[in-house]
Amino acid sequence: MSKGRDGPAAGGAAAALLQYLREQNRPYSAQDAFGNLQREHGLGKAAVVKALEQLAQQGRVREKAYGKQKIYFAAQEQLPAASDAELRSLDEEIAALSAKVQALQQSCRQMEAELKDLNSSMTNPEMAREIEELRTGCAGYMEKLERIKSATNHVTPEEKEKVCSEQKLYCKEWRKRKRMATELLDAILEGYPKSKKQFFEEVGIETDEDHNVTLPAAV
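Residues numbered from 1 in each chain as written. Predicted model: local features only at pLDDT ≥ 70, side-chain atom pairs only at ≥ 80, totals over all residues. Heavy atoms only, no water.

**Points about the side chain of Asp 208**
Working step 1: Structurally, Asp 208 is set in the segment after α7 (196-203).
Working step 2: Among the polar contacts made by the side chain of Asp 208, one reaches the side chain of Lys 178 at a distance of 3.3 Å.
Working step 3: Contacts of Asp 208, omitting those with residues within four sequence positions, involve Trp 174, Lys 178 and Val 213. (Helix = DSSP H or I, 4+ residues; strand = E, 2+ residues; numbered from the N terminus. Polar contact = N/O pair within 3.5 Å; in protein donor to acceptor, adjacent residues only side chain to side chain. Contact = heavy atoms within 4.5 Å.)

**Observations regarding the confidence of the model for the chain**
Working step 1: Counting all residues, the mean pLDDT for the chain is 85, and 94% of those residues have values of 70 or more.
Working step 2: Mean pLDDT per element in the chain: helix α1 (residues 2-24) is the minimum at 69, and strand β1 (residues 28-29) is the maximum at 91.
Working step 3: Between residues 1-8, whose pLDDT stays under 50, and residues either more than four places distant or in other chains, the model counts 0 contacts. (pLDDT = per-residue confidence, 0-100.)

**Looking at the packing of helix α2 (residues 30-41) against helix α3 (residues 45-57)**
Working step 1: Look at α2 against α3: their axes get within 9 Å of each other, and the N-to-C directions meet at 125°. The angle between α2 and α3 places the two elements in the oblique class. α2 and α3 meet at a crossing whose hand is right-handed. On α3, the residues touching Ala 30, Gln 31, Ala 33 and Phe 34 of α2 are Lys 45, Val 48, Val 49 and Leu 52. (Axes fitted to C-alpha atoms, helices over the stretch in contact; angles between N-to-C directions. Parallel < 35°, antiparallel > 145°, perpendicular 65-115°, else oblique. Left-handed = near helix turned anticlockwise from the far one by under 90°.)

**Here's the deal with a nonpolar patch on the surface**
Working step 1: Together, Leu 87, Leu 90 and Ile 94 give the surface a local cluster of nonpolar side chains, amounting to about 270 Å² of exposed area.
Working step 2: Structurally, Ile 94 is set in helix α4 (residues 84-120).
Working step 3: Note on Ile 94: relative accessible area 51%, which makes it exposed. (Patch = residues over 30% accessible without salt bridge, like charges linked within 9 Å, V, L, I, M, F, W, Y side chains within 5 Å. Areas by Shrake-Rupley, 256 points an atom, 1.4 Å probe, with all protein chains shown as cover. Salt bridge = Lys/Arg side-chain N within 4 Å of Asp/Glu carboxyl O. Buried < 20%, exposed > 50% of the residue type's maximum accessible area, 1.4 Å probe, protein only.)

**Let's talk about the pattern of salt bridges**
Working step 1: Using the criterion set out here, one finds 7 salt bridges in the structure.
Working step 2: A salt bridge links Asp 208 to Lys 178, with the shortest nitrogen-to-oxygen separation between them at 3.3 Å. You can see Asp 208 sitting in the segment after α7 and its partner Lys 178 sitting in helix α6 (residues 157-189), a full 30 residues away along the chain.
Working step 3: Put simply, Lys 178 and Glu 209 hold a salt bridge, and the shortest N to O gap is 3.7 Å.

**Here's the deal with the layout of surface pockets**
Working step 1: What the largest pocket holds in volume is close to 250 Å³.
Working step 2: The wall of the largest pocket is formed by 14 residues, among which Lys 178, Ala 181, Thr 182, Leu 185 and Thr 207 lie closest to the centre.
Working step 3: Put simply, the parts of the chain that give the lining of the largest pocket at least two residues each are α6 and α7.
Working step 4: Take the lining of the largest pocket: its biggest share by element is 7 residues, from α6.
Working step 5: Its residues assigned to classes, the lining of the largest pocket comprises 5 nonpolar, 2 polar and 7 charged. (1 Å grid on protein atoms, 1.4 Å probe; cavity = no way out; pocket = protein on both sides within 12 Å on 5 of 7 lines; lining within 4 Å. Points joined across faces, edges and corners; volume = space filled by probe spheres on them. Nonpolar A, V, L, I, M, F, W, Y, C, P; charged D, E, K, R; others polar.)

**Digging into the packing of α6 against α7**
Working step 1: At a minimum axis separation of 11 Å, α6 and α7 run at an interaxial angle of 110°. The pairing of α6 with α7 is recorded here as roughly perpendicular in orientation. Contacts between α6 and α7 involve Leu 185, Ile 188 and Leu 189 on the former and, on the latter, Lys 196, Phe 199 and Phe 200.
Working step 2: Of the residues that constitute the contact of α6 with α7, the class distribution is 5 nonpolar, no polar and 1 charged.

**Re unusual backbone geometry**
Working step 1: Of note in this structure, Asn 25 is not a glycine but carries a positive phi near 50°.
Working step 2: Examined against the element boundaries, Asn 25 turns out to sit in the loop between α1 and β1.
Working step 3: Asn 25 gets classed as partly exposed once you look at its relative accessible area, which sits at 38%.

**Remarks on the sheet that holds β1**
Strand-to-strand pairing in sheets goes through backbone hydrogen bonds, with the strands running parallel or antiparallel.
Working step 1: An order of β1-β3-β2 is seen for the 3 strands of this open sheet, with the pairing classed as antiparallel. Looking at strand neighbours, the two that pair on one side only are β1 and β2 (61-66), the edges of this open sheet.
Working step 2: The sheet contact formed by β1 and strand β3 (residues 69-74) spans 2 bridges and is antiparallel. Within β3, the residue paired with Ser 29 across the bridge is Ile 71.
Working step 3: Relative to β2, α3 is tilted by about 110°, and along the sheet it contacts β2 and β3. (Pairing = 2+ DSSP bridges.)

**Here's the deal with the pairing of β3**
Working step 1: Pairing of β2 with β3, which is carried by 6 bridges, proceeds in the antiparallel orientation. Looking at β3, one finds that Tyr 66 is bridged to Gln 69.
Working step 2: Counted between consecutive antiparallel strands, the loop separating β2 from β3 contains 2 residues, among which Gly 67 sits at a positive phi close to 70°.

So, in structure tokens, the structure goes:
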């Protein structure tokens, strides 16, 4: 009796699946086909899997394996050929859908950019804290400025000019004496049998570089 019940059920499942695949004309896995037809036709998953395998063996549907999953779709050669008018209609529909996809993609990109800007922007509480910190900093700078203005020990332009002139004079003399010392040492080292470093160590000469001192650039 069980076999008698399975036969019509299997046949009904195959017919329903074949009709569905031809109408939709797109690939489905057994799970997807089962989920889409279960409520309308009351098919069990085992019956759907068996019917799809039988249809594939009969050549009425095509089967493709992707890893452990199989997909099924109607055999294209068994479908009625589309007329020129139907092909033109399909081309127009494809063009319209392609334009819609492009518009949606552009809209998504704009919304993603807006979302990025919003995420990188400060919130109202963060902005309030930032403003308060800036006000506090400005108040501190204003207080410091007032103290400087009210001080009595400001350097006059004349005093500043005098200090700058003295610095130039001392740097000029420093540069002159360093050049003279370098020329004298080079003359001595021409007849010295050891290295320059050994000579400096024996005589006890210390250079500016030994003390990380740099001669200011000439102005």
